[in-house]
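# Descriptive analysis of the structure
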Amino acid sequence: ALATSLPEIVVSMTALSIGSANMAIANIIGSNIFDIAIIPVIDIIYRKGYLFLSVSASHIYSCLLAIILTLIVFASMLYKPRTSFMRLGVGSIALIIIFVAGNILLYNLVH
């Protein structure tokens, strides 16, 4: 996961360093959209039946977590609060809390 995410991290950090927050966010969202859009292509190529029937049912929870986090990002782009906590907006705080709680839940479901 780190190896495939490293290019997005570098591009986003570089975009932020030159003051282009829009480019950083667009890079992350574009990567997520590509990851979702490639699933039907992979399903066509997969030769052992339907792709979704071959994966563990527990992946529905990680998929749901990704959808919730993406929706929070989109909502944060529409609603810009005037207040912040430690330079973080409400959306960023919600992302951190839900990401950590979701990963703890996923870990407990698998183990």
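About the thresholds
Every chain is numbered independently, its residues counted from 1 as its sequence is written. The predicted origin of the model limits local features to residues at a pLDDT of at least 70 and limits the giving and counting of side-chain atom pairs to 80 or more, whereas totals for whole chains, interfaces and linings rest on all residues. To get the side-chain values, all heavy atoms of the structure are used, and hydrogens and water are removed first. Here a helix means four or more residues in a row that DSSP labels H or I, a strand means two or more in a row labelled E, and each is numbered from the N terminus. Per-residue accessibility, obtained with a 1.4 Å probe over protein chains only, is compared with the maximum for each type, and a residue is labelled buried under 20%, exposed over 50%, and partly exposed between these values. Only heavy atoms matter for contacts: two residues are in contact if any of them lie within 4.5 Å across the pair. Pairs of N or O atoms are called polar contacts if they sit within 3.5 Å, as long as, within protein, a hydrogen donor faces a hydrogen acceptor (for residues adjacent in sequence, only side-chain-to-side-chain pairs). In this scheme, a helix's expected span is set at 1.5 Å multiplied by one less than its residue total. Note that the arc is computed from the directions linking the helix axis to the C-beta atoms. To obtain each axis, a line is fitted to C-alpha atoms, and for helices this fit is confined to the stretch in contact; angles are then taken between N-to-C directions over 0 to 180 degrees. Rotating anticlockwise by less than a right angle from the far helix to the near helix defines a left-handed crossing, while the corresponding clockwise rotation defines a right-handed one. The scheme is simple: roughly parallel for angles under 35 degrees, roughly antiparallel for over 145, roughly perpendicular for 65 to 115, oblique for anything else. Each residue gets one of three labels, nonpolar for Ala, Val, Leu, Ile, Met, Phe, Trp, Tyr, Cys and Pro, charged for Asp, Glu, Lys and Arg, and polar for the others, Gly among them. Candidates for patches are residues over 30% relative accessible area with no salt bridge; among them, like charges are joined within 9 Å and nonpolar side chains (Val, Leu, Ile, Met, Phe, Trp, Tyr) within 5 Å. Exposure was quantified through the Shrake-Rupley algorithm and a 1.4 Å probe, taking into account, for residues, occlusion by the shown protein chains and nothing else. By definition, a salt bridge exists where a carboxyl oxygen of Asp or Glu is found within 4 Å of a side-chain nitrogen of Lys or Arg.

## So, the overall build of the chain
In terms of helices and strands, the chain carries five helices and zero strands. Taken from N to C terminus, the helices and strands of the chain fall in the order α-α-α-α-α. Expressed as a percentage of the 111 residues in the chain, the buried residues total 13%. At a minimum sequence separation of 6, the contacts of the chain that also span at least 24 residues come to 40%.

## Digging into the side chain of S31
Turning to its location among the elements, S31 is positioned in helix α2 (residues 21-45). Polar contacts involving the side chain of S31 include one to the side chain of E8, which spans 3.4 Å.

## Description of helix α5 (residues 90-110)
Counted at 1.5 Å a residue, the expected span for α5 with its 21 residues is 30 Å, and the 30 Å between its end C-alpha atoms agrees. Buried within α5 we find G91, G102 and L106. Axial view of α5: buried residues confined to an arc of 35 degrees, hence all on one face. Across from the buried face of α5, at angles greater than 90 degrees, the exposed residues are I97 and Y107. Packing partners of the buried residues in α5 comprise α4 (59-78).

## Comments concerning the packing of α2 against α4
For the pair α2 and α4, interaxial distance at closest approach is 12 Å and the crossing angle is 145 degrees. The element α2 and its partner α4 pack so that their crossing is left-handed. Contact with α2, carried on its side by I25, I29 and N32, involves T70, V73, F74 and M77 of α4 and no other residues of that element.

## Re the packing of α4 against α5
Between α4 and α5, the least distance of the axes is 10 Å, while the angle of their chain directions is 180 degrees. Here α4 lies roughly antiparallel to α5, going by the angle between them. Note on element contacts: α5 touches α4 through G91, A94, L95, I98, F99, G102, N103, L106 and L109, opposite Y61, S62, L65, I68, L69, I72, V73 and S76. Of the residues in the contact of α4 with α5, the class split is 12 nonpolar, five polar and no charged.

## Observations concerning the side chain of S12
Within the fold, S12 resides in helix α1 (residues 2-17). One polar contact links the side chain of S12 to the main-chain carbonyl oxygen of A24, over a distance of 3.5 Å. Setting aside anything within four residues of it in sequence, one finds S12 in contact with A24, N27 and I28.

## Concerning a nonpolar patch on the surface
A contiguous nonpolar surface patch, about 840 Å² in accessible area, is contributed by F34, I38, I39, V41, I42, I44, I45, F52 and V55. It is α2 that provides the largest number of residues to the nonpolar patch, a total of seven residues. Position of I45 relative to the elements: it lies in helix α2.

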